[in-house]
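# Commentary on secondary and tertiary structure
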Amino acid sequence: MNDIINIDSVDVYNKLFGLETLHPLVSVVDLSEAKGYPERFTVNYGIYALFLKDTKCGDIRYGKRTYDYQEGSIVSFAPGQVAEAEMLKGVQPKARGILFHPDLIKGTSLGQEIRTYSFFSYNSSEALHLSEEEKRIILDCLDKVKMELAHPIDKLSKRLIARNIQLLLDYCMRFYNRQFETRTESNRDVLTRFEALLEDYFQSEKTQTVGLPTVKYFADKVFLSPNYFGDLIKKETGKTAQEYIQNKLIDVAKEMIVGTDKTVSQIAYDLGFQYSQHFNRIFKKNVGYTPSEYRKLN
């Protein structure tokens, strides 16, 4: 495996591609101007990065899977993520994007809301595919940040840069929501598989061997990241994936309470709870009664 390059600053990334750094915490990059770069490299991001790819110039792997990006796609990375890139020989990368350090947005509205941009955690085949109009909007947002970087630094510089980055991310969030809408058929397929996997989880007694079902477990089974999977389920059902799982758990618990003579403690154990008190709290929160009270009522 090739050595991991720690991209803990904007300047480290720019030097990797032979680009100029105008601001220590943020940079609008154009990889068509890259003066040199390794053919294969692995980076550990310590900064936020978002790129609009104009052409497919190689493979990007996140974990064990390859990003399904193409011309006119956006890929994004957040601090703590590791990605491997393998460039195509003789193909100049064509991509524009933005890099910014977490310190840039501290104390700004973007800093408070950065975690709401869940696409930074997407991986696998979850690149954002844009229309021509959407690409123009993204490029316009990048130009606004670049223009501000060319302006002499004053008291409003940080705020204006952060707000323009936030505008860019807001548009990306809108486009991701549109992507969910236009992939209804494939999304329905994921939902159908999720429901079948959820049913199997309880029928096969995985609760006793694996424990309580988690969003990550089902996301891995359908080859999606937990964030993307969660957003997809929310879009299709109006409930979060965790709520969906918990509703199924409560339904199974009700059946066991009413249809068996097992003690509440045994039911809690069978469902994957380590402590019956935890099961009691969750059941009462969702049903309005404790398991024992529900059994008496029925």
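## Section: the packing of aromatic side chains
Overall, the coordinates contain 20 aromatic pairs when judged by the stated rule. Ring centres of Tyr45 and Phe77 lie 4.8 Å apart, and the angle between their planes is 5°; on these two criteria the pair is classed as stacked. You can see Tyr45 sitting in strand 3 (residues 40-45) and its partner Phe77 sitting in strand 7 (residues 73-77), a full 32 residues away along the chain. A relative accessible area of 6% means that Tyr45 is categorised as buried. Overall, Phe77 belongs to the buried group, its relative accessible area being 2%. Following the ring pairs from residue to residue traces out a cluster consisting of Phe194, Tyr201, Phe202, Tyr217, Phe218, Phe229 and Tyr244. One residue, Lys53, lies across the ring of Phe51, its end atom 5.7 Å from the ring centre.

## Examining the sheet that holds strand 2 (residues 26-30)
Read across the sheet, five strands follow the order 2-9-4-7-10 without closing on themselves; strand pairing throughout is antiparallel. The open sheet has two edge strands with one neighbour each: strand 2 and strand 10 (128-129). Summarising the sheet, strand 4 (residues 48-53) and strand 7 pair through five bridges and their orientation is antiparallel. Counted as the bridge partner of Leu50 is Ser76 from strand 7.

## Some points on the side chain of His129
Looking at where His129 falls in the secondary structure, it is placed in strand 10. A polar atom in the side chain of His129 sits 2.8 Å from the side chain of Ser73.

## Digging into the side chain of Gln166
Within the secondary structure, Gln166 sits in helix 4 (residues 157-182). On the basis of relative accessibility, which here comes to 10%, the residue Gln166 falls in the buried class. Beyond its immediate stretch of four places on either side in the chain, Gln166 contacts Ser109, Leu110, Glu113 and Tyr117.

## What to know about the nonpolar core
Core analysis: the biggest nonpolar cluster contains 65 residues, and Ile98, Phe100, Ile165, Leu169, Phe229, Leu271 and Phe279 have the highest contact counts within it. The contact partners of Phe100, leaving out residues within four places of it in the chain, are Val10, Leu25, Val26, Ile47, Tyr48, Ile105, Ile114, Phe120, Ile165 and Leu169. Among the nonpolar cores identified, the runner-up in size contains 23 residues, and Phe17, Ile47, Met87 and Ala127 belong to it.

## Comments concerning helix 8 (residues 226-237)
Over its 12 residues, helix 8 extends 16 Å from the first C-alpha to the last, a length consistent with the 16 Å expected when each residue adds 1.5 Å. Turning to helix 8, its buried residues number three or more, namely Tyr228, Phe229, Gly230, Leu232, Ile233 and Glu236. Among the residues trailing helix 8, Gly238 stands out with phi positive, at a value near 85°.

## Some points on the pattern of salt bridges
Across all of its chains, the model carries 11 salt bridges by this definition. Among the ionic pairs, Asp11 bridges to Lys15, the shortest N-O distance being 3.1 Å. Residue Asp11 and its partner Lys15 are both found in helix 1 (residues 10-17); the two are separated by four residues, about one turn of the helix. Asp11 sits in the partly exposed class, given a relative accessible area of 27%. Residue Lys15 is classed as exposed on the basis of its relative accessible area, which comes to 62%. Of the charged contacts in the structure, one is a salt bridge between Asp140 and Lys144, with a shortest N-O distance of 2.6 Å. On the criterion of helical spacing, the pair formed by Asp140 and Lys144 is a turn pair, its members being four residues apart in helix 3 (residues 132-150).

## A closer look at the environment of Ser9
Inspection of the secondary structure puts Ser9 in the loop between strand 1 (4-7) and helix 1. Sequence-wise, Ser9 and Pro24 are 15 residues apart; in three dimensions their C-alpha atoms are separated by 7.5 Å. Not counting residues within four places of it along the chain, the set of residues in contact with Ser9 comprises Ile47 and His101. Side-chain polar atoms of Ser9 contact the backbone nitrogen of Val12, separated by 3.3 Å.

## Details of helix 1
Looking at helix 1, one finds that the buried residues are Val10, Tyr13, Asn14, Leu16 and Phe17. Taken around the axis of helix 1, the buried residues stretch over an arc of 155°, which confines them to a single face. In this structure, the buried side of helix 1 is in contact with strand 1, strand 2, strand 3, strand 4 and strand 9 (95-100). Directly beyond the C-terminal end of helix 1, a positive phi value near 70° is found at Gly18.

## Examining the confidence of the model for the protein chain
Overall, the prediction assigns the protein chain a mean pLDDT of 85, with 88% of residues at 70 or greater. For the protein chain, the element scoring lowest by mean pLDDT is strand 6 (residues 65-66), at 51; strand 2 scores highest, at 96.

## A short note on the state of the cysteines
Should the sulfur atoms of two cysteines be covalently bonded, the bond is a disulfide. In the structure shown here, the tally under the stated rule is zero disulfides. No disulfide involves Cys172; its sulfur sits 7.9 Å from the nearest other cysteine sulfur, which is in Cys141.

Conventions and cut-offs
Residues numbered from 1 in each chain as written. Predicted model: local features only at pLDDT ≥ 70, side-chain atom pairs only at ≥ 80, totals over all residues. Heavy atoms only, no water. Phe/Tyr/Trp six-rings, centres within 6.5 Å; stacked < 30°, edge-to-face > 60°. Helix = DSSP H or I, 4+ residues; strand = E, 2+ residues; numbered from the N terminus. Buried < 20%, exposed > 50% of the residue type's maximum accessible area, 1.4 Å probe, protein only. Lys NZ or Arg CZ within 6 Å of the ring centre and 35° of its normal. Pairing = 2+ DSSP bridges. Polar contact = N/O pair within 3.5 Å; in protein donor to acceptor, adjacent residues only side chain to side chain. Contact = heavy atoms within 4.5 Å. Core = buried A, V, L, I, M, F, W, Y, C linked by side-chain atoms within 4.5 Å. Expected span 1.5 Å × (residues − 1). Salt bridge = Lys/Arg side-chain N within 4 Å of Asp/Glu carboxyl O. Arc of directions from axis to C-beta. pLDDT = per-residue confidence, 0-100. Disulfide = S-S within 2.5 Å.

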